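Residue-level listing of the chains:
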Amino acid sequence: MEGDAAPVSGGLKESFDRVVHEVTRVVLGQDEVVRTVLIAMFASGHVLLEGPPGLGKTLLARSLSCALGVDFKRIQFTPDLMPSDVTGGNVFNQRADDFVFRAGPVFTQVLLADEINRAPAKTQAALLEAMSDRQVSVDGETRELPAPFFVMATQNPVESEGTYPLPEAQLDRFLVKTLVGHPDMAVEVALLRSTVRGFDAADLDAAGLQTVLHADGIARCQAEARAIRVDDEILDYIAALVGRTRAHPAVDLGASPRASIGLLRCAQVVAAVAGRAYVVPDDVKEMTHPVLRHRFILQPDAELEGVTTDRVIDEILDDVPVPGGQAA
């Protein structure tokens, strides 16, 4: 890997395009997923990836960390994983005759929480403080996490055996949830050709990925996104979309104000990536499904009838008037 390549010096749009270019060199057929994940990072949020095994979710996390020039660690969540396996803990050092803190894998910049829904709720909750406050408290002492701190968690579909539903408080800490599907035949053939030519997902050094950004560059991009102008009519539109989840007849518990803030932050990044200094309604609409699909609970009867959160969001987007009087 050409990890010492000079990072880009441009703004968010140029940095975004360069990172996407590097990652999609090895993560084939998942361009929209890569885009959504990077939008979430530049919006200072975390990502939940849902899909069956073998679709490149781990490869995405590793290649992203290479392109961003940040530390990467992976935790395989299992039914017997303990909270201390995530956060670390104090261990007795006989030589020093004292307890010393041994940091867990959460002390990194990009963390892949693989198959997070295979661990019980107590272990899932070990990530809660880290995700929300960028810190970890162990035995009464609080330790700051490195910056940036970005969690990518993978989740098997809920119908898979041996999984535990993520608690609502944990789900709400993920800025976006994106669905990873199987590739079409053309992409799968391209994957096979790449394998024949010698590509090995376990050896990214051989792929020659360049580091095009570093931690300070990520911070600059995040600050640039927050400076994107958002007019009052756009704020009203975001509030109306999220508020409609609380009034929809198929919804038991609607999305929280944290969802409104998340939609705002993501729309700002989308605008910056498009080269604009202001947010338009299409920026909001692009991110409505990823930001909202995991943040509200359907009525049991609606679920039995096959209603999905994405279908509810479609209906809300159709119903809520778009600023400027455009058709939804």
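Refer to the structure above for everything that follows.
Rules behind the numbers
- Residues numbered from 1 in each chain as written.
- Predicted model: local features only at pLDDT ≥ 70, side-chain atom pairs only at ≥ 80, totals over all residues.
- Heavy atoms only, no water.
- Helix = DSSP H or I, 4+ residues; strand = E, 2+ residues; numbered from the N terminus.
- Rg over C-alpha atoms; globule rule 2.2 N^0.38 Å.
- Areas by Shrake-Rupley, 256 points an atom, 1.4 Å probe, with all protein chains shown as cover.
- Lys, Arg positive; Asp, Glu negative; His and termini not counted.
- Charge placed at Lys NZ, Arg CZ, Asp CG, Glu CD.
- Disulfide = S-S within 2.5 Å.
- Pairing = 2+ DSSP bridges.
- Axes fitted to C-alpha atoms, helices over the stretch in contact; angles between N-to-C directions.
- 1 Å grid on protein atoms, 1.4 Å probe; cavity = no way out; pocket = protein on both sides within 12 Å on 5 of 7 lines; lining within 4 Å.
- Points joined across faces, edges and corners; volume = space filled by probe spheres on them.
- Buried < 20%, exposed > 50% of the residue type's maximum accessible area, 1.4 Å probe, protein only.
- Contact = heavy atoms within 4.5 Å.
- Salt bridge = Lys/Arg side-chain N within 4 Å of Asp/Glu carboxyl O.
- Expected span 1.5 Å × (residues − 1).

Enquirer: In this structure, what is going on with the overall build of the chain? I would like to understand it.
Expert: When its secondary structure is counted, the chain shows 14 helices and 11 strands. Computed over the C-alpha atoms, the radius of gyration of the chain is 20 Å, within 12% of the 20 Å expected from 2.2 N^0.38 for a compact globule of 328 residues. Dimensions of the chain, computed from C-alpha atoms along their principal axes, come out at roughly 70 × 40 × 40 Å. Total accessible area computed for the chain in this model is approximately 15,300 Å², and 51% of it derives from carbon and sulfur atoms. On the chain, the mean spot of the 30 positive side-chain charges and the mean spot of the 47 negative ones are 3 Å from each other.

Enquirer: Is there a simple way to think about the state of the cysteines in this case?
Expert: By definition, a disulfide links two cysteine residues through a covalent bond between their sulfur atoms. Tallied over the full model, the rule gives zero disulfides. Here Cys66 stays unpaired: no disulfide links it, and the sulfur of Cys221, its closest cysteine neighbor, is 18 Å away. You can see Cys266 has no disulfide; the closest cysteine sulfur is in Cys221, sitting 15 Å from it.

Enquirer: What am I meant to see in the sheet that holds strand 1 (residues 47-50) here?
Expert: Sheet strands line up and pair through hydrogen bonds in the backbone, either parallel or antiparallel. If you walk across this open sheet you meet the five strands as 2-5-8-1-9, and the pairing is parallel. The outermost strands of the open sheet, each flanked by one partner alone, are strand 2 (72-76) and strand 9 (176-179). When strand polarity is set aside, the average angle formed by the axes of neighbouring strands in this sheet is 20 degrees. Pairing of strand 1 with strand 9, which is carried by four bridges, proceeds in the parallel orientation.

Enquirer: How do you make sense of empty space enclosed by the protein when you look at a structure like this?
Expert: To find the voids left in a structure, one rolls a probe of water-molecule size over its atoms. By the definition in use, this model includes one cavity of 30 Å³ or more. Each pocket or cavity is described by its volume, and for the largest cavity that value is around 40 Å³.

Enquirer: Would you mind going over the environment of Pro183 with me for this structure?
Expert: With respect to the helices, strands and loops of the structure, Pro183 is situated in the loop between strand 9 and helix 8 (185-196). Taking relative accessible area as the criterion, Pro183 reaches 25% and is therefore assigned partly exposed. Between the alpha carbons of Pro183 and Leu55 there is a distance of 8.1 Å; along the sequence they are 128 residues apart. Sequence-distant contacts of Pro183, that is, excluding residues within four places in its chain, are made with Leu55, Glu188 and Leu191.

Enquirer: Explanation requested: the pattern of salt bridges in the structure shown.
Expert: Between side chains of opposite charge, a pair can form as their charged atoms come close. Following the criterion strictly, the structure yields 15 salt bridges and no others. Its salt-bridge partner being Asp114, residue Arg74 comes within 2.9 Å of it at the nearest N-O pair. Here Asp114 lies in strand 5 (residues 110-114) and Arg74 lies in strand 2, a separation of 40 residues in the sequence. Here Asp114 falls in the buried class, since its relative accessible area comes to 8%.

Enquirer: What is the right way to look at the pairing of strand 5 in this model?
Expert: A regular strand carries its side chains on alternate faces of the sheet. Judged by how many residues are buried, strand 5 sits mostly within the fold: five of five residues are covered. The alternating pattern of strand 5 places Val110, Leu112 and Asp114 on one face and Leu111 and Ala113 on the opposite face, and all of these are buried. Note that strand 5 and strand 8 (residues 150-155) share four bridges and pair parallel. Looking at the pairing, Leu111 lines up with Val151 of strand 8.

Enquirer: Before we go on, may I ask you to explain helix 11 (residues 257-273) in this structure?
Expert: Each α-helix winds once per 3.6 residues, and so residues spaced three or four apart point in a common direction. The first and last C-alpha atoms of helix 11 sit 25 Å apart over 17 residues, in line with the 24 Å expected at 1.5 Å per residue. Most of helix 11 sits inside the fold, with 13 of its 17 residues counted as buried.

As far as function goes, none of this settles anything; it's purely spatial.
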